[in-house]
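# Chain and residue survey
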Amino acid sequence: MYFIKIIISALFVACFAIESQAQRTLPIGGAGGANRFGNFGAPTSTPATNKSEIPKARIPRAKRDTTGVAIPDSLKSKDSQIETTVETMSSDSTVLDVENQIYYLHGNAQVIYGDIELTADFIRLDWGKSEVYAHGMPDTTKKVGTPVKGKPVFSDAGEKYNSDTIRYNFKSKKAIVSNIVTEQGEGIVVGQKVKKDPQDNMYLANAKYTTCNLAEPHFHISAKRIKLVNKKSLISGPFNLVLSDIPLPIGLPFGFFPIPKKKEIGTSGFVMGNYGEEPSNRGFYFRDFGYYHAFSEYVGAKLLVSIYSNGSYGAGVQSTYTRKYKYTGNVNLQFNYNKSGDIIPTTSASKDFNISWAHSPQNRRPDRSFSSNVNLVSNGFNRNNRRLDELDQYTNNTFGSSVQYSRSFGKLVRTSTGFRVDQNVSTKVMNSSLDYTFGLNQFNPFIKEKNQVGNWYEGFRVGLDLSGGYKLTNDITSRTRSTTYTDYNIIGVENKPLTNEEIRLQNLGISTSQTVVELNSLENIRYLFQNLGQFRSSFSVPISLPNFKIAKFINFTPGFSYRGDVYTKRLSYEYNESLDAVKIDTTSGVYTAGSWNTSASLNTRAYGTYQFGKNSRIQAIRHTIAPSLSIGYSPDLSKNSNLYQQTRVRADDVDERFMPRFAELGQASGASGSIGFNLTNQLEAKIRAKSDTAQNAFEKISLLDNLSFGTSYNLFALEQKYKYLGDTINAGFNLSNFNIGANTSLFKGLISLNFSSTIDPYTYVEDTQNTTNLAGRRVPVFKWKHDGFAGSYLSFANISISTNINPKKLRGKQVEPVGPKTNDPAKEAMQKFVQANPLAYVDFSIPWNLNLSYNLSYNKQGLASAQVVQAFQFTGDVSLTPKWKVNFSSGWDFVYKSVTLTNIGILRELHCWDMSFNWTPIAGNNLRASNYSFTLQPRSSLLRDLKLSRRRVYYDKGGF
């Protein structure tokens, strides 16, 4: 109530100014004028006049009295802080009662002092009692509501207080206010009778607290007494929840509500979490209770704890920080100790953690940038702690973290460094790397850029790329089990790729066939760095030669590059004749490798158009064909003992093979003189508009976005001797696989189609020597020349079909982004979060929405059985009314003939609060429990402005 003191001081000064003006026009005599302000200001002298010259009750009236007062030094008191002009206004009258020391403002009375404003239909200032009083006046014309007009309204920098009456004593700094209504943070406080003490604390009797902004709120917290502590926090005694004016038997013995201010550093206080029960898992709980501390305007943090009756517990720290025009970020550390109930089949308790850090630069310096996106989780964190409606996170098995810093120097030099960690919580595989890059952008070393005039030889460019780093992984599966079938055996490695069932169980997180080194001891960590970590550095010198046109339509582009590599791990091979297998060892040291290649490419674009009749709706179809031909050469590196080792790998091999010293090299292929060919096709149609009044008489639609075909032929492929059908042949794998891809969209983008495939032209024959090689031996004989079954031509194929349907798309209208354009940082941050987590929000503005997707993946190696993944998924929602919405998600696995994770939800939007019911009848696997949840909760004002509904945070393993 500090504002009342300022207003009263302003009123007294305004009163004095008006009276001073009256003294100049209306002489008022007597010595009583000397002390008429009491203790408010310094005594002022007044000329002696005859009091009988003018009756005291007949003060002139004015329809509007506006007075600007410049405060003289003699009027400033110790209690007054008025330092600027005060304006007073009244539409009816201004009455000054000098004898009784009372000043009246009638009709739309208003006092303005800087950013502070007080309005009421009646304001009375009694400087004899050092008291101000304001209230409304009866209104006989008002037919609805309380027949009162002009109730007191106080405004201070946009913050308003509404009341019926205000009485304030500026000496004691105490006040009594009746029926006050004020907005504090996102909440609204209402009190029938309010007392204010000198410390600006407010004591409210028969009070209400709500986040609903209606005059008659849909819900509120009702308490006999509420204390508003210096506008920073609200403390309540025993309270209960009132819903639509119906008191509910739901309440607490006390309540604490922090009230953050927009332009302050924030308010520290306790965080009230939630409580409930997970009957099938961790039991009763108190979750996310804690304390928030505002360190400054830019940094705040809260400590949260959770306790469960079955012995589980958790703790976490969440912090946000920002620096204007520099950066923003947040840090989250969370630890949970989980003991599952009888329903969930777990063998022991789990210790789960989550470490996340997001840092985004906002600087205006384009030459440097620092960013981070860290998300490290334990293997069971998502399964045990995520809520089920977060399908994208709940079913996610892979997580990536990165920290990046880049810096450029002028237009030529660029540098960057980064740290990255990728983890799969299903397979428990973690890959990490610490990388660096240094580069010179391509430039012409002979002619400066400012001197170039466009000659063809000015297209010569040279650059430098240097990159490297340290890589570490805990995945040692390749040392125990092969990822694909091989025609030779490795000692200690099982020649058996993952089966369909193993892949399915691994993706579901039920079991894993990966072999990893657990990070649970210093000995294991030391083993990782000694045996699995490797430093690698490479550099390349790309040279761009001048490109030019041939016959005006064909682009010719030559190129040359040199590459060098530095490794710290190298492979060595030793054939064991008794086991008919190869032993592979890893040695440490510093090893170098280098190679070069030259290339040239030709590409062009041709068009063909077929015209239809003039009266036809389809006017024309255009076919665009873009062929490209590339020629490249690189030397034969197989004879380089530093790169390849010549050794026998199986007993029936005629020749020894060249095995790579470094895993990144791949199998030796000899010199490469490859000729590559790629053909891209597009189909477009020009059609006449259906309506004669359309904006455009014709429109162009795409019939086929892309249909591509590509392959290459190596003229110098390495030739070796192979056993084939009892004979020995000497040949090489000159022809590469054929790649075919296509994508298009139908019905103006309503349906998306994607297709990709790989055709293997070479023959696979049964491997009689190595019975574990179910794929057979690949020999350099074309399938069409082989007599008998040589394996499937199709080695890989993927088909995906997806669509998103809603009324706006069916009517051909673009769906506008959620929420209005605004400059409010809080709303902008909320909009970004909504876009990043679409499944956690519901848009009531769209009456219905349906997402359908179908995916078929086929993978076959030689004679082995094919691995097929075929699934159909659908998600959507339907608005039964503008306030009721039903959402659903499910799918069907064609391979295992089972329903996938299914979730059904019902939501009711109720202006200021939401009701939701979520049911998961099918959880997907035995590590997830089917459950349901019912929620009734208030809405945030930010979400109300965005016209969205936030889904309830509930957890998978538990009921309501």
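Just so it is clear, the structure is predicted and the values come from calculations on it, not from any experiment.

## Observations regarding the pairing of strand β42 (residues 698-714)
When strand β41 (residues 672-688) meets β42, the two strands line up antiparallel, connected through 14 bridges. Bridging across to β42, Arg688 finds its partner in Phe698. Here β42 runs beside strand β45 (residues 738-746); their pairing, made up of 5 bridges, is antiparallel. Bridged to Gly710 within β45 is Asn739.

## Comments concerning unusual backbone geometry
One non-glycine residue, Gln101, adopts positive backbone phi at about 55°. Looking at the secondary structure, you find Gln101 in the loop between β3 (93-97) and β4 (102-113). The class of Gln101 is buried, set by a relative accessible area of 17%. Positive phi, close to 50°, is recorded for Asn206, a residue that is not glycine. The residue Asn206 is located in strand β14 (residues 202-210) in this model. A relative accessible area of 37% means that Asn206 is categorised as partly exposed.

## Topic: the side chain of Ser356
Relative to the helices and strands, Ser356 resides in strand β26 (residues 350-361). A relative accessible area of 15% means that Ser356 is categorised as buried. Residues contacting Ser356, with those up to four places away along its chain left out, are Asn330, Val331, Asn332, Val374 and Asn375.

## Observations concerning the side chain of Asp352
Locating Asp352 in the fold gives a position in strand β26. Side chain to side chain, Asp352 and Asn338 meet in a polar contact 2.8 Å long. Within the structure, Asp352 has its side chain in polar contact with the side chain of Ser378 (distance 3.4 Å).

## Examining the packing of aromatic side chains
Scanning all chains against the criterion turns up 21 aromatic pairs. Measuring from centroid to centroid gives 5.2 Å for Tyr762 and Phe782, while their planes differ by 20°, and the two rings are stacked. Separated by 20 residues along the polypeptide, Tyr762 in strand β47 (residues 762-765) and Phe782 in strand β48 (residues 777-782) bring together distant segments of the chain. An angle of 10° between the planes, with centres 4.6 Å apart, marks the rings of Phe782 and Trp784 as stacked. A network of ring pairs unites the aromatic residues Tyr722, Phe733, Tyr762, Phe782 and Trp784 as a single cluster.

## Comments concerning the pattern of salt bridges
All chains considered together, the criterion is met by 19 salt bridges. Among the ionic pairs, Arg777 bridges to Asp652, the shortest N-O distance being 3.8 Å. With Arg777 in strand β48 and Asp652 in the loop between β39 (644-647) and β40 (657-660), this pair connects stretches of sequence that are 125 residues apart. Residue Arg777 shares its accessibility class with Asp652, and that shared class is buried. One salt bridge connects Arg777 with Asp653, and the closest N-O pair in it is separated by 3.4 Å. Here Arg777, found in strand β48, pairs with Asp653, found in the loop between β39 and β40; they are 124 residues apart in sequence, far enough to count as distant. Across this residue pair, the class does not change: Arg777 and Asp653 are buried.

## A look at the pairing of β45
In this sheet, strand β46 (residues 751-759) lies alongside β45 in antiparallel orientation, the contact comprising 9 bridges. Its bridge partner being in β46, Phe738 is matched across the sheet by Ile759. From the end of β45 to the start of β46, which pair antiparallel, there are 4 residues, and Phe747 there has a positive phi angle of about 55°.

Reading guide: rules and limits
- Residues numbered from 1 in each chain as written.
- Predicted model: local features only at pLDDT ≥ 70, side-chain atom pairs only at ≥ 80, totals over all residues.
- Heavy atoms only, no water.
- Pairing = 2+ DSSP bridges.
- Helix = DSSP H or I, 4+ residues; strand = E, 2+ residues; numbered from the N terminus.
- Buried < 20%, exposed > 50% of the residue type's maximum accessible area, 1.4 Å probe, protein only.
- Contact = heavy atoms within 4.5 Å.
- Polar contact = N/O pair within 3.5 Å; in protein donor to acceptor, adjacent residues only side chain to side chain.
- Phe/Tyr/Trp six-rings, centres within 6.5 Å; stacked < 30°, edge-to-face > 60°.
- Salt bridge = Lys/Arg side-chain N within 4 Å of Asp/Glu carboxyl O.

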